[in-house]
Amino acid sequence: MKEVRVFDTTLRDGEQTPGVSLTVEQKLIIASALDKLGVDVIEAGTAIASEGDFKAIKEISNAGLNAEICSFCRIKKEDIDASADAEADSIFMVAPSSDIHIKSKFPDKGREDVIEMSVSAIEYAKERGLIVEFGAEDASRADLEFIVELFRNAVSAKADRLTYADTVGVLTPEKAESIMKRLTSEFNVPIAIHCHDDFGLATINTVYAIKAGASEFHATVNGIGERAGNAALEEIVMALEFHYGFKTSIIKENIYETSKLVEKLTRIVIPKHKPIVGEYAFTHESGIHTSAIMRDTSTYEPITPEMVGRKRQLVLGKHAGRASIEEIMKKLGYKADKNQMKEILVRVKELGDKGKRVTDADVKTIIETVLQIKQEKKVKLEDLSIVSGMHIMPTASVKLRINGQEIIEAATGLGPVDAAINAVKKAVSEFADIKLVSYHVDAITGGTDALVDVIVQLSRGDQIVTARGARTDIIMASVEALLEGLNMLI
Ligand SMILES: CC(=O)SCCNC(=O)CCNC(=O)[C@H](O)C(C)(C)COP(=O)(O)OP(=O)(O)OC[C@H]1O[C@@H](n2cnc3c(N)ncnc32)[C@H](O)[C@@H]1OP(=O)(O)O
Ligand SMILES: CC(=O)C(=O)O
């Protein structure tokens, strides 16, 4: 089984995603998570780019991590100096290689000049004790014979590794394969592939380059990066290991945790349907699927969620069937006869047909209505007040009745909704350890008087539930959703 090295560039190319900017502390947190994930190289930033990046690279380099710590560099002495001064183990040194890039970056220079500049930069970097991974930028639009010539000179100058960069994502799997076959037949040093996702081909191009002999790939967690992003680490690892029999150092059970951390700190929300890490990658709604999954999970899951540190979710909606209802009834501890089951299913579908996402709390209400179960709500809102304004820290106070006992709490927050949620969470903290997993708000109509639909996901231990609040007042809708969920969990 051939082992492939993983060069993670979440903190460099990933951070080049428009709007993403990480503090030194955040970079350290992500670097530690990447190390725990098992990546071989962490490209921690560009030492020359800013004081913060310099400091981040230095702190990460001195954090005692197992991974090699790398800094991005141009073929420029000052970039090499900054990287060496930041105490990086290695540099990813990049030279423009296509005529388009050479012309626009060095208008009075040509291919020969790029070779000369690269050679002297590599020699200088080696003098400064750095491992040099030398990359050809925009290689996929360059003359392949020039790339071979550039790499030959780079290797003579003692570059340790080479990278072929598909900077604007124009490779195809066939090209990636034939080019990598040629390059790996010419050179004895390790060759990496660096792909972007402009045509949605970053994963397959990377996989084909690896199949053809590349021994390392560059990727980012969640595929974040410039424009359409970089190749996604989690997709490539799973594809290489599952379909092609390669081995990586990645501890797959840590994938989801790392993905959620990167989502939280970069604030780049993972699309719900994204492979491996999207919310719905292991969620099933359709009746036919749920019914089969309950007999054998492999019917509709190519890999188990546990493999990547996740759990399966079964949700109800207009596509539900009897098996889905039976499963949720079992979970909630209810029993119903045939006719009642039919009625519950009809009502769930009715809600779905109205275009609504059916939450767990909706299902519970439907079941209790059909079964004529009158459940006293354990947590009731008796009062809520909010103070917010230009020069005031948003503050909320709540009066709840929990199991008949009156509880009054107050909390501050980043905004009035946050303050209200914090106050409720504080009030119930003695009764249960509840976590808010996700919060989603939609304005159903267009104006400022719109009906606001809030959907929350709450967890308590292993249990996760969804609940809704719908009001014209966003604070009340949020608290209502939270209380609905709480009542399900407590
Ligand atoms: C495909 C990629 O991801 S490439 C990596 C992109 N990453 C970054 O840009 C990192 C963040 N960048 C920065 O902080 C800044 O751009 C810096 C510090 C690197 C440079 O800043 P400045 O000196 O102000 O230059 P500026 O950003 O305006 O232009 C880039 C310069 O680098 C030159 N350059 C670009 N690539 C290379 C290269 N591989 N080697 C040498 N010089 C290069 C350009 O020709 C241009 O030079 P010029 O100023 O003489 O025209
Ligand atoms: C260097 C780099 O990030 C690229 O060519 O895409």
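Residues numbered from 1 in each chain as written. Chains lettered and ligands numbered in written order. Predicted model: local features only at pLDDT ≥ 70, side-chain atom pairs only at ≥ 80, totals over all residues.

We apply this condition: UniProt positions are given in the numbering used here, feature names are shortened, and annotations may be inferred rather than shown by experiment.
As recorded in an unreviewed UniProt entry, the protein goes by the name Putative (R)-citramalate synthase CimA, listed as coming from Archaeoglobus sulfaticallidus PM70-1. The heading Catalytic activity (unreviewed entry) in the UniProt record of the protein holds the text "pyruvate + acetyl-CoA + H2O = (3R)-citramalate + CoA + H(+)". Checking UniProt for the protein, the heading Subunit (unreviewed entry) contains the comment "Homodimer."

What to know about the overall build of the protein
Using the following cut-off: Only DSSP runs of H or I reaching four residues or more are called helices, and only runs of E reaching two or more are called strands; each is numbered from the N terminus. The exposure scheme places C-beta atoms from the backbone and then counts, for each residue, the other C-beta atoms within 10 Å of its own, assigning buried at 20 or more, exposed at 12 or fewer, and partly exposed in between. We call two residues in contact if the C-beta atoms placed from their backbones are at most 7 Å apart.
Of the regular secondary structure elements, the protein holds 16 helices and 16 strands. With respect to the principal axes defined by its C-alpha atoms, the protein has extents near 80 × 55 × 45 Å. Among the 490 residues that make up the protein, the fraction classed as buried is 42%. In the protein, 65% of the contacts between residues at least 6 apart in sequence involve partners at least 24 apart.

Section: the UniProt feature "domain: Pyruvate carboxyltransferase" (unreviewed entry) in the protein
This chain's UniProt record puts "domain: Pyruvate carboxyltransferase" (unreviewed entry) on residues 4–256. Taken end to end, residues 4–256 is 43% helix and 18% strand, and its first and last C-alpha atoms sit 21 Å apart.

Brief notes about the site of ligand 2
To keep it simple, the criterion reads: Any residue whose C-beta atom, as set from the backbone, lies within 6 Å of a molecule or strand is reported as near that molecule or strand. Residue classes follow a fixed rule: Ala, Val, Leu, Ile, Met, Phe, Trp, Tyr, Cys and Pro count as nonpolar, while Asp, Glu, Lys and Arg count as charged, and any other residue, Gly among them, counts as polar.
Around ligand 2, a shell composed of Asp13, Val94, Gly135, Glu137, Ala165, Thr167, His194 and His196 is seen. Tallied by class, residues from the shell around ligand 2 come to 2 nonpolar, 4 polar and 2 charged.

Thoughts on the site of ligand 1
Of all residues adjacent to ligand 1, which total 14 residues, the nearest are Thr46, Ala49, Arg74, Ile75 and Lys105. Classifying every residue of the shell around ligand 1 gives 6 nonpolar, 3 polar and 5 charged.

Side note on the environment of Ala214
Mapped onto the fold, Ala214 is located in the loop between α8 (202–211) and β8 (216–219). The class for Ala214 is buried, based on 28 C-beta atoms found within 10 Å. A sequence separation of 180 residues divides Ala214 from Leu34, and the C-alpha atoms of the two residues are 22 Å apart. Discounting residues that sit within four places of it in the chain, Ala214 has contacts with Met180, Thr184, Ile191, Ala192, Ile193 and Ala209.

Let's talk about the sheet that holds strand β15 (residues 452–460)
The line we're drawing: DSSP calls a pair of strands paired once it identifies at least 2 bridges connecting them. For helices, the axis comes from a line fit to the C-alpha atoms of the stretch in contact; other axes are also lines fit to C-alpha atoms, and the angle between any two N-to-C directions lies between 0 and 180 degrees.
Within the open sheet, the 3 strands sit side by side as β14-β15-β16. Their pairing is antiparallel. Two strands in the sheet have a free side with no partner beyond their single neighbour: β14 (435–443) and β16 (463–471). On average, each strand axis in the sheet is inclined to that of its neighbour by 15°, with strand direction left out of account. Across 8 bridges, the pairing between β14 and β15 is antiparallel. Across the sheet, residue Tyr439 finds its bridge partner in β15, namely Val456. The strands that helix α16 (residues 474–489) touches are β14, β15 and β16; relative to β16, the one it contacts most, it runs at about 150°.

Considerations on the sheet that holds strand β4 (residues 90–96)
Spatially, the 8 strands close up into a barrel ordered β1-β2-β3-β4-β5-β6-β7-β8, and their pairing is parallel. Within the sheet, the average angular offset between the axes of one strand and its neighbour, ignoring direction, is 25°. Note: strand β5 (residues 131–137) against strand β6 (residues 161–166), 4 bridges, orientation parallel. Residue pairing for β6: Ala136 is matched across the bridge by Tyr164. Against the sheet, helix α2 (residues 51–61) contacts β2 (41–45) and β3 (68–74), and its axis sits at roughly 150° relative to β2.

Some thoughts on the domain arrangement of the protein
Just so we agree on the cut-off: How far each domain reaches was decided by an automatic or database domain assignment.
Looking at the assigned domains, one finds that the protein contains domain 1 (5–266), domain 2 (283–370) and domain 3 (379–489). Of all elements in the fold, only α9 (233–243) and α10 (255–266) reach the threshold of two or more residues within the side of domain 1 that touches domain 2. The element contributing the most residues to the side of domain 1 that touches domain 2 is α10, with 3 residues. Along the lines of polarity and charge, the residues of the side of domain 1 that touches domain 2 split into 4 nonpolar, 1 polar and 3 charged.

Regarding the pairing of β2
Rules: The path from the first strand over the helix to the second decides the hand: if it runs clockwise while the strands point away from the viewer, the crossover is right-handed.
When you tally the buried positions in β2, you get 5 out of 5 residues, the bulk of the element. In this sheet, β2 lies alongside strand β1 (residues 5–8) in parallel orientation, the contact comprising 2 bridges. Looking across to β2, one finds that Asp8 is bridged to Ile42. Tracing the backbone out of β1, into helix α1 (residues 24–37) and back to the parallel element β2 gives a crossover that is right-handed. Two elements, β2 and β3, share 4 bridges in a ladder whose sense is parallel. Paired with Gly45 across the strands is Ser71, a residue of β3. Tracing the backbone out of β2, into α2 and back to the parallel element β3 gives a crossover that is right-handed.

Looking at the packing of helix α13 (residues 338–353) against helix α14 (residues 360–370)
Cut-off, in case you're wondering: Throughout, the term roughly parallel applies to angles under 35 degrees, roughly antiparallel to angles over 145, roughly perpendicular to angles from 65 to 115, and oblique to all others. Should the near helix be turned counterclockwise from the far one by less than a right angle, the crossing is left-handed, whereas a clockwise turn marks it as right-handed.
Contact geometry for α13 and α14: axes closest at 10 Å, N-to-C directions at 140°. The orientation of α13 relative to α14 falls into the category oblique. Viewed along their axes, α13 and α14 form a crossing whose handedness is right-handed. Residues Gln340, Glu343, Ile344, Arg347, Val348 and Leu351 of α13 touch α14, and the partners they reach there are Asp362, Val363, Ile366, Ile367 and Val370. Among the residues forming the contact of α13 with α14, the class breakdown is 7 nonpolar, 1 polar and 3 charged.

Some points on the nonpolar core
Applicable threshold: Each nonpolar core comprises buried Ala, Val, Leu, Ile, Met, Phe, Trp, Tyr and Cys residues, the members being joined through C-beta atoms within 7 Å.
One finds Ile42, Ile91, Met93, Ile193 and Phe217 to be the most contacted residues of the largest nonpolar core, which totals 90 residues. The residues touching Phe217, leaving out its near neighbours within four places in the chain, are Val4, Val6, Phe7, Ala192, Ile193, Thr206, Ile210, Ala231 and Ile236. In this structure, Ile386, Ala419, Ala427 and Leu482 belong to the second largest nonpolar core, which totals 31 residues.

Observations concerning helix α7 (residues 173–186)
Rules: Residue count minus one, scaled by 1.5 Å, sets the expected span of a helix.
In this model α7 runs 20 Å from its N-terminal to its C-terminal C-alpha over 14 residues, within 8% of the 20 Å that 1.5 Å per residue would give. Listed in full, the buried residues belonging to α7 are Ala176, Glu177, Ile179, Met180 and Leu183.

Some details on the environment of Asp449
Following the sequence through the fold, Asp449 ends up in the loop between β14 and β15. In this structure Asp449 comes out as exposed when scored by C-beta crowding, with 9 C-beta atoms within 10 Å. Sequence separation between Asp449 and Arg152 is 297 residues, and the spatial gap between their C-alpha atoms is 67 Å.

A short note on α10
Turn by turn, an α-helix covers 3.6 residues, leaving residues three or four places apart pointing in a common direction. Here α10 is 12 residues long and its end C-alpha atoms lie 16 Å apart, about the 16 Å a rise of 1.5 Å per residue gives. Buried residues in α10 make contact with α1 and α9. In the stretch just after α10, Arg267 is the one whose phi turns positive, near 60°.

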